[in-house]
Amino acid sequence: GGYAFCMGSYMLATQETSFRILNPSRGLSFDPIGFSFILPRLGWEFEQESQNYPGCGLILALAGYEADSYELVQTGLATHLASDSG
């Protein structure tokens, strides 16, 4: 599943990028692997501000909240935001 999504050193987001776990009860288990490992640790790798708010990942996981591109960068799910050059 989703663990490979977070394995890269760089994750590019565009202005149209969004992220949401559509059905948390399917494919998201609460064991120490995959997204269950990553979501509570958002922001730790690149020391984003979200590391001070450990509930960010739980909100994404349990509530089905849809994060936009700016929120992806703030939480650490994306490392760079590409602006529209057109």
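Each remark here, short or long, concerns the structure printed above.
Before going into details, it helps to say that this report is about the structure given with it.

Conventions adopted
Residues numbered from 1 in each chain as written. Predicted model: local features only at pLDDT ≥ 70, side-chain atom pairs only at ≥ 80, totals over all residues. Heavy atoms only, no water. Helix = DSSP H or I, 4+ residues; strand = E, 2+ residues; numbered from the N terminus. Buried < 20%, exposed > 50% of the residue type's maximum accessible area, 1.4 Å probe, protein only. Contact = heavy atoms within 4.5 Å. Areas by Shrake-Rupley, 256 points an atom, 1.4 Å probe, with all protein chains shown as cover. Arc of directions from axis to C-beta. Core = buried A, V, L, I, M, F, W, Y, C linked by side-chain atoms within 4.5 Å. Polar contact = N/O pair within 3.5 Å; in protein donor to acceptor, adjacent residues only side chain to side chain.

**Looking at the overall build of the protein chain**
Moving on, step 1. Summing up its helical and strand segments, the protein chain has three helices and four strands in all.
Moving on, step 2. Secondary structure elements of the protein chain occur, N-terminal to C-terminal, as β-β-α-α-β-α-β.
Moving on, step 3. Here the protein chain holds 86 residues, and 27% of them are scored as buried.
Moving on, step 4. Considering only residue pairs separated by 6 or more positions, the protein chain has 68% of its internal contacts joining residues 24 or more positions apart.
Moving on, step 5. If you sum the accessible surface of the protein chain, you get close to 5900 Å²; carbon and sulfur atoms cover 55% of it.

**Considering helix α2 (residues 55-63)**
Moving on, step 1. Among all positions in α2, only Gly57, Leu60 and Ala61 are buried. An end-on view of α2 places all buried positions within 90° of arc, on one side of the element. The exposed set on the far side of α2, more than 90 degrees from its buried face, consists of Leu62 and Ala63.
Moving on, step 2. The secondary structure elements touched by the buried residues of α2 are β2 (18-19) and β3 (67-68).
Moving on, step 3. With its phi angle positive at about 70°, Gly64 sits one or two positions after the end of α2.

**What about the environment of Tyr53?**
Moving on, step 1. The topology assignment puts Tyr53 in the loop between α1 (35-38) and α2.
Moving on, step 2. The sequence separation of Tyr53 and Pro40 amounts to 13 residues, and the corresponding C-alpha distance is 9.1 Å.

**Here we look at the nonpolar core**
Moving on, step 1. Counting residues in each nonpolar core, the largest one holds 13 residues, and the members touching the most others are Phe19, Leu39, Leu42, Leu60, Leu72 and Leu77.
Moving on, step 2. Counting only elements with at least two residues in this core, the list comes to α1 and α2.

**With respect to the environment of Asp68**
Moving on, step 1. Mapped onto the elements of the fold, Asp68 is located in strand β3.
Moving on, step 2. Residues Asp68 and Phe19 lie 49 residues apart in sequence; the distance between their C-alpha atoms is 6.7 Å.
Moving on, step 3. Those residues in contact with Asp68 that lie beyond four places of it in its chain are Thr17 and Ser18.
Moving on, step 4. Reaching out from Asp68, the side chain makes a polar contact with the backbone nitrogen of Glu71 at a distance of 2.9 Å.

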